[in-house]
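Coordinates in review
Letter by letter, the chains look like this.
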Amino acid sequence: MAKLLLAPMEGLLDDVLREILTQVGGYDLAVSEFIRVSGNLLPLRAFRRVCPELDNGGRTSVGTPLVVQLLGSDPTLLAENAAQLASLAPAGIDLNFGCPAPTVNRHGGGAMLLGEPEKLFRICSAVRRAIPASLPLSAKMRLGISDTEKTLDCAHALAASGIVSLVVHARTKSDGYRPPAHWDWVARIRDAVTTPVVANGEVWTSDDHRRCCAISDCTDVMLGRGAVADPFLARRIREQVAGERPITNRSADWRELRPLLGVFWRRIGTNVHPAHAPGRLKLWLNALRRTFVEAETLFLAIRPLRRIDEVERVLHAHGVPIPHAASVPIRR
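Residues numbered from 1 in each chain as written. Predicted model: local features only at pLDDT ≥ 70, side-chain atom pairs only at ≥ 80, totals over all residues. Heavy atoms only, no water.

Details of the pattern of salt bridges
By the definition in use, this model includes 18 salt bridges. Among the salt bridges present, the one from Asp208 reaches Arg211, with a minimum N-O distance of 2.3 Å. Pair noted here: Asp208 and Arg211 are both in helix 8 (residues 206-216), with a separation of 3 residues, about one helical turn. For Asp208, a relative accessible area of 11% puts it in the buried group. Between Arg235 and Glu256 there is a salt bridge, with the nearest N and O atoms lying 2.6 Å from each other. (Salt bridge = Lys/Arg side-chain N within 4 Å of Asp/Glu carboxyl O. Helix = DSSP H or I, 4+ residues; strand = E, 2+ residues; numbered from the N terminus. Buried < 20%, exposed > 50% of the residue type's maximum accessible area, 1.4 Å probe, protein only.)

Let's talk about the packing of helix 6 (residues 151-160) against helix 7 (residues 183-192)
In contact at an axis separation of 10 Å, helix 6 and helix 7 are set at 45 degrees when each is read in the N-to-C sense. Between helix 6 and helix 7, the interaxial angle falls into the category oblique. As for how helix 6 packs across helix 7, the hand of that crossing is right-handed. Contacts between helix 6 and helix 7 pair Thr151, Leu152, Ala155 and His156 from the former with Trp185, Arg188, Ile189 and Ala192 from the latter. Taken together, the residues of the contact of helix 6 with helix 7 break down into 5 nonpolar, 2 polar and 1 charged. (Axes fitted to C-alpha atoms, helices over the stretch in contact; angles between N-to-C directions. Parallel < 35°, antiparallel > 145°, perpendicular 65-115°, else oblique. Left-handed = near helix turned anticlockwise from the far one by under 90°. Contact = heavy atoms within 4.5 Å. Nonpolar A, V, L, I, M, F, W, Y, C, P; charged D, E, K, R; others polar.)

Details of the pairing of strand 2 (residues 29-36)
Within strand 2, 6 of the 8 residues are buried, which leaves the element mostly enclosed by the surrounding structure. Two elements, strand 1 (residues 4-6) and strand 2, share 2 bridges in a ladder whose sense is parallel. Within the sheet, the bridge partner assigned to Leu6 lies in strand 2 and is Ala30. Pairing analysis gives 5 bridges linking strand 2 to strand 3 (residues 66-71), with the strands arranged parallel. Each residue of the ladder has a partner; that of Ala30, found in strand 3, is Leu66. Between the parallel pair strand 2 and strand 3, the chain is carried across by helix 2 (residues 44-50), and the sense of this crossover is right-handed. (Pairing = 2+ DSSP bridges. Right-handed = clockwise from strand over helix to strand, strands pointing away.)

Things to note about the sheet that holds strand 3
With parallel pairing, the 8 strands of this closed barrel are ordered in space as 1-2-3-4-5-6-7-8. Taken over all neighbouring pairs, the strand axes of this sheet differ in orientation by 30 degrees on average, direction set aside. Relative to strand 8 (residues 221-223), strand 7 (residues 197-200) runs parallel, the two sharing 2 bridges. By the bridge assignment for strand 8, Ala199 is matched with Val221. Along the sheet face, helix 5 (residues 117-130) touches strand 4 (92-97) and strand 5 (137-141) and points at about 165 degrees away from the line of strand 4. Lying on the sheet, helix 8 is in contact with strand 1, strand 7 and strand 8; it crosses strand 8 at an angle near 140 degrees.

Considerations on helix 12 (residues 277-288)
Relative to the 16 Å expected for 12 residues at 1.5 Å per residue, helix 12 spans 17 Å between its end C-alpha atoms, a close match to the ideal helical length. Listed in full, the buried residues belonging to helix 12 are Ala277, Pro278, Arg280, Leu281, Lys282, Trp284, Leu285 and Leu288. Those residues of helix 12 hidden inside the fold are in contact with helix 1 (15-24), helix 9 (225-229), helix 11 (250-271), helix 13 (293-302) and helix 14 (308-317). (Expected span 1.5 Å × (residues − 1).)

Brief notes about the side chain of Asp220
Residue position: Asp220 is located in the loop between helix 8 and strand 8. For Asp220, the side chain forms a polar contact with the side chain of Thr219, separated by 3.3 Å. (Polar contact = N/O pair within 3.5 Å; in protein donor to acceptor, adjacent residues only side chain to side chain.)

Here we look at the packing of helix 1 against helix 11
Orientation of helix 1 relative to helix 11, taken along the N-to-C sense of each, is 155 degrees, at an axis distance of 9 Å. For the element pair helix 1 / helix 11, the angle class is roughly antiparallel. The handedness of the crossing between helix 1 and helix 11 comes out as right-handed. For the pair formed by helix 1 and helix 11, the contact residues are Asp15, Val16, Leu17, Glu19, Ile20, Gln23 and Val24 on the first element and Leu260, Val263, Phe264, Arg267, Ile268 and Asn271 on the second. The residue makeup of the contact of helix 1 with helix 11, split by class, is 8 nonpolar, 2 polar and 3 charged.

A word on helix 7
Residues of helix 7 that are buried include every one of Trp183, Trp185, Val186, Ala187 and Ile189, and no others. Where helix 7 is buried, its residues meet strand 5, helix 6, strand 6 (165-169), strand 7 and helix 8.

Comments concerning unusual backbone geometry
Along the chain, Pro179 connects to Pro180 via a cis peptide bond; the corresponding omega equals 5 degrees. Here Pro180 is to be found in the loop between strand 6 and helix 7. Positioned with a positive phi, Glu202 is a non-glycine residue whose angle comes to about 65 degrees. Relative to the helices and strands, Glu202 resides in the loop between strand 7 and helix 8. If you check the backbone angles, Asp217 has positive phi at about 60 degrees while not being a glycine. Secondary-structure assignment places Asp217 in the loop between helix 8 and strand 8.

Structure, rendered in structure tokens:
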């Protein structure tokens, strides 16, 4: 059975947006934003702050399992923190070897580790030994730092360490998020290892998903920016996989999305400082502009605004219902 995974997106796809997108439906699994491990053993509250789902059995409110992602470069520290995290019973633990952000890479983390396949093995092996055998351990990698010279070496190292699945973002660190995604390289990795491989990158539509599966030879796909830009993408992919013809009605989708925007706005207001809430709404609206003309209009109206009351007046004017604070549970 083909699986759809909801990707982490630092600074945007947090517990609030995970909650909304999994409510819309279509996802088998979600992966959290990375939790940085550098220099100390994190307290349990640090994991709960990023992943409040840990207090709900490691699942979103609709039951979608949450895998918690760790990022770091020290095998011992990562193993100790993974053991700490395991006590909270997440659905799984994922290790990040794909982040291209300079702030992460300058400390030797994320995608920079793809230059050291043997270190990837040491990290994953240490974490695997530190957590219960029953707890799934996965990893996410890119194709390399600036080229694909060590791609297969990295895949072999990760697969040999005991992970249960490998997500491959089909670009190098230097590629960033520029198209295209090299799905053919995902197929080469899939041929090279026995560990299940998940394809990731440039899936914006159900047709993209079909092509990605055909070229990568993968049945499982992780959705990131495409899911944020079109919250109904997973649904349409499910329809296509089931042999149905996906029906796209953007006006109907926007009507369904408007209440969710209101919930997002209210929940963000409980999660971040009020001064930061408008910025978070603008981030999502900016992504939604790719799919909805109504989001373009709303984004342009809200873009110059800084105050909560100003934003709420514009949301009301555009038919976005905002629930009372008491009706929206605080997750942190």
